[in-house]
Each structure stands twice: as structure tokens, then as C-alpha cells.
Amino acid sequence: MTIPPDNPQRILLIKPSALGDVVTAAPVLRGLRRRFPNSHIAWLVATSCVDLIRHDGDLNEVILFDRKAAGRLGVAGFRTLSRLRGQLKGGRFDWVIDLQGLLRSGLMTRAAGSPLRAGFVDAREGASFFYTHKFAPASAHTVDRNIELARSLGVDAGAADFTLQVAAPAREFAASLLARLGVTAKSFVVCVPPTRWATKVYPARHWRAVIGEIARRCPVLVVGGPGDVALCTQACENAQAGNDVSHVHNLAGQTSVSQMVAVIEASRGVVCSDSAAKFIAPAVGTPAVALLGPTRVEHTGVYTPGPHVRAVNITASLPCQGCLRRRCPHVACMQSIPPARVVETAVNTFDL
């Protein structure tokens, strides 16, 4: 298939959210920059995720999508969408690549009015109707699908491009934080209890056991957003039992997204719920152990850029594992993962 134009001067990636999904699109950006070193590359991203990429050296422009403002009823929401439409159309992009694959992102793709509008043929909500280049991937995993789409456009992206650049100010923050806590780089483990779906939540009582046992071997830093303080506090309760109290640090609500990324980069390894952390960790070269219940490893399991980064998916041994349900009457899958199994896996993966 001929790709018009074959030497795009202006390229737009559309992958607004969520945090983990944005990370999975990194190989496309890396491949595009390598293939077109002098082109203008922009990324349309949600305001909640912009901290992941606003500083990225492979980007020329970040276009913000304020989902909350756009969703308002009346004049305010209309004006927000109108401004975004004008910004997209005024960008005069030669290529637009929609990696989100929803009706909203399809409409954004069409609004840019580009000669080439690429996306997946199986995009949801009819988004593919707005594409000029519809690609059918052979792979199941979301990262591999993104890589295949890039390759269909003549862009040599690969697993090694699954990398996330860390902002310099965030690294400085992490160094200062560790100094204040009396913790050295690569000597501690990060635990990330929060996750977006209720069915993905690993019980707080299990987290207490995991954090307590790991803390017997090394310091543990628990991270989460401002809305995750209660869960992280419950996960840390009594975790210091038998340990030096300085070995468990609850940092929930105390780091921005970019600062959390830097803390993860500085750690020895990450144990996390099924959340963005499972992608962030390997993308910054940090080993990871991810706990999966309702989701499927082959689609969204932890992904690594190569053998130099170790990562393990722990799944429940139940017939209904991978059901993809956001609601469940029993949530037995996450409850059935023994804390001892998580600890043993972390010890072996991180060489604790």
C-alpha cells in the first residue's frame, strides 16, 4: 500500500489516556522520530497524563485534551471542543495516527483533515470509519499492536523502543526524597496498591502481608495518587511489625506523575496492582511484578523492552480469570493470589 505522503513533515499521535495506555504508545513515537528526524511530531494527550511525555525529547508539541472541560454541558463544553478542533485543523498534519481507537479519538482524527489518517480496523465505537489507512494487527498485546501499526506505515519500531524518558526535575525530586528518607537508590522496592477497576484491587490485608515481608529485606516505598491515600494507608497498617519503622514509607498523594516515574526508576523493583505502574517500570528499566485478575496477560500484561529488564505477571488460578469484568459479585480472583507467592516472586525477580 502506498502511504501518502511518504515523507510527512508534520505528524500527530492521538493517544489521550490512560496513563498506562500512553506508555504503550512510546514505541511508535521512538520509531517515528528515528524514521523522520526532522519532522514535527505532536501528541494529543489528556491533561491527566501529560506529565508522562511533556518533557520528551522526541516530541515537538503536546496538544492537551481536557476531558473534564470537554464533557461539560452547554457553551463551556462546546467552546472547549471547538478550540480543540481548530487546533487540530490548524496543525496541518500530514499524518495522524489514532492509537486510542474510540469514537472520540476517531472524530479527533477526522477533525485534523490529514491526507493519511491511520488506525486499527477493529477500533471500537466505529472509529475506523474516519481512517484512510485501516490496519489489522496479528498480535494480541497492545504494545505489539501499536508496533505493528507503525510498521505498516514504514516505520521501524520495535520492542526496544518501549522506553519512557524521565524528566530531569523529577529525578532531582527523587534524589532529594531518598536522601530525606535515608534510602539509597536501587536499595528499595516500590509497592503500588491502587488501580482503576474495583475488580483489579488486591485486598489491603494481602498488601499488608506483602509489604511487611518485603520490608524485612529492604525499605519499601508505597506510592499512589491523591485519591489513593486511604487505600495505601490501609495497605501499610501494621506492615512495620517486626521491622524497623523506617523501612516502610507511605508516599500516597505526595508525588506527581513524573515524580512517581522517577521514584520507580530509582527503585530495585516494583510490585503493583494491574495499573500503569506495570508499564512504567519496565519502560524506565526497572523490574516489575504485576498482579492480574480480570484482565488478560496476552493483551495487557506487563511488557518488557528486552531481556535486560525482568518482569513477571502473577495471575489467579481460577477458571474465570481474564473475564474483563469491571464489576463482580465475589472478586475471588484477586483474593485468591497468596501474599507468600507475591513475596517469593518479588524476592526472586529483584534478587532481594
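Use the structure listed above.
So, here's what we can say about the structure. Note that this is a predicted model, so its numbers are computed, not measured.

## With respect to the sheet that holds strand S8 (residues 220–222)
Strand order across the open sheet formed by 6 strands is S9-S8-S7-S10-S11-S12, with parallel pairing between neighbours. The open sheet has two free edges, formed respectively by strand S9 (248–250) and strand S12 (311–315), since each of these has just one partner strand. Here the average twist between neighbouring strands, direction ignored, is 15°. As paired elements, strand S7 (residues 189–192) and strand S10 (residues 269–273) share 4 bridges and run parallel to each other. Across the sheet, the residue bridging to Val 190 is Val 270, located in S10. The strands that helix H9 (residues 229–236) touches are S8 and S9; relative to S9, the one it contacts most, it runs at about 165°.

## Comments concerning the packing of helix H8 (residues 204–215) against helix H14 (residues 339–350)
Helix-helix packing is characterised by the crossing angle of the two axes and by the distance between the axes. Here H8 crosses H14 at 35°, and the two axes come no closer than 9 Å. Crossing geometry of H8 relative to H14 is assigned as right-handed. Residues His 206, Ala 209, Val 210, Glu 213 and Ile 214 of H8 pack against Pro 339, Val 342, Val 343 and Ala 346 of H14. Its residues assigned to classes, the contact of H8 with H14 shows 7 nonpolar, 1 polar and 1 charged.

## Examining unusual backbone geometry
Cis rather than trans, the peptide bond between Ser 17 and Ala 18 has omega equal to -10°. Of note, the phi angle at Asp 351 is positive, near 55°, even though the residue is not glycine. Here Asp 351 is to be found in the segment after H14.

## Structural notes on helix H10 (residues 257–266)
Counting buried positions over the 10 residues of H10 gives 9, a clear majority of the element. Among the residues of H10, those classed as buried are Val 257, Ser 258, Met 260, Val 261, Ala 262, Val 263, Ile 264, Glu 265 and Ala 266. Buried positions along H10 lie against helix H1 (19–24), helix H7 (168–181), S7, S8, S10 and helix H11 (277–283).

## Description of the packing of H7 against H10
Orientation of H7 relative to H10, taken along the N-to-C sense of each, is 60°, at an axis distance of 8 Å. Put simply, H7 runs oblique to H10. Crossing geometry of H7 relative to H10 is assigned as right-handed. On H10, the residues touching Ala 170, Arg 171, Phe 173, Ala 174, Leu 177 and Leu 178 of H7 are Ser 258, Gln 259, Ala 262, Val 263, Glu 265 and Ala 266. Its residues assigned to classes, the contact of H7 with H10 shows 8 nonpolar, 2 polar and 2 charged.

## Describing the packing of aromatic side chains
Per the stated rule, a full pass over the model turns up 5 aromatic pairs. Ring geometry for Phe 129 against Phe 130: centres 5.4 Å apart, planes inclined by 85°, an arrangement best described as edge-to-face. A connected cluster of aromatic rings, assembled from ring pairs, spans Phe 162, Phe 279 and Tyr 303. A cation over a ring is seen here: Arg 145 above Phe 120, with NZ or CZ 4.5 Å from the ring centre.

## A look at the side chain of Thr 286
For Thr 286, the position within the fold is in the loop between H11 and strand S11 (288–292). In this structure Thr 286 comes out as buried when scored by relative accessible area, which is 0%. A polar atom in the side chain of Thr 286 sits 3.0 Å from the backbone oxygen of Ile 264. Leave out the neighbours within four places in its chain, and Thr 286 touches Lys 186, Ile 264, Glu 265, Ser 267, Arg 268, Gly 269, Val 270, Ala 281 and Val 309.

So, how was this worked out
Residues numbered from 1 in each chain as written. Predicted model: local features only at pLDDT ≥ 70, side-chain atom pairs only at ≥ 80, totals over all residues. Heavy atoms only, no water. Pairing = 2+ DSSP bridges. Helix = DSSP H or I, 4+ residues; strand = E, 2+ residues; numbered from the N terminus. Axes fitted to C-alpha atoms, helices over the stretch in contact; angles between N-to-C directions. Contact = heavy atoms within 4.5 Å. Left-handed = near helix turned anticlockwise from the far one by under 90°. Nonpolar A, V, L, I, M, F, W, Y, C, P; charged D, E, K, R; others polar. Buried < 20%, exposed > 50% of the residue type's maximum accessible area, 1.4 Å probe, protein only. Parallel < 35°, antiparallel > 145°, perpendicular 65-115°, else oblique. Phe/Tyr/Trp six-rings, centres within 6.5 Å; stacked < 30°, edge-to-face > 60°. Lys NZ or Arg CZ within 6 Å of the ring centre and 35° of its normal. Polar contact = N/O pair within 3.5 Å; in protein donor to acceptor, adjacent residues only side chain to side chain.

Bear in mind that shape data such as this cannot, by itself, settle questions of function.
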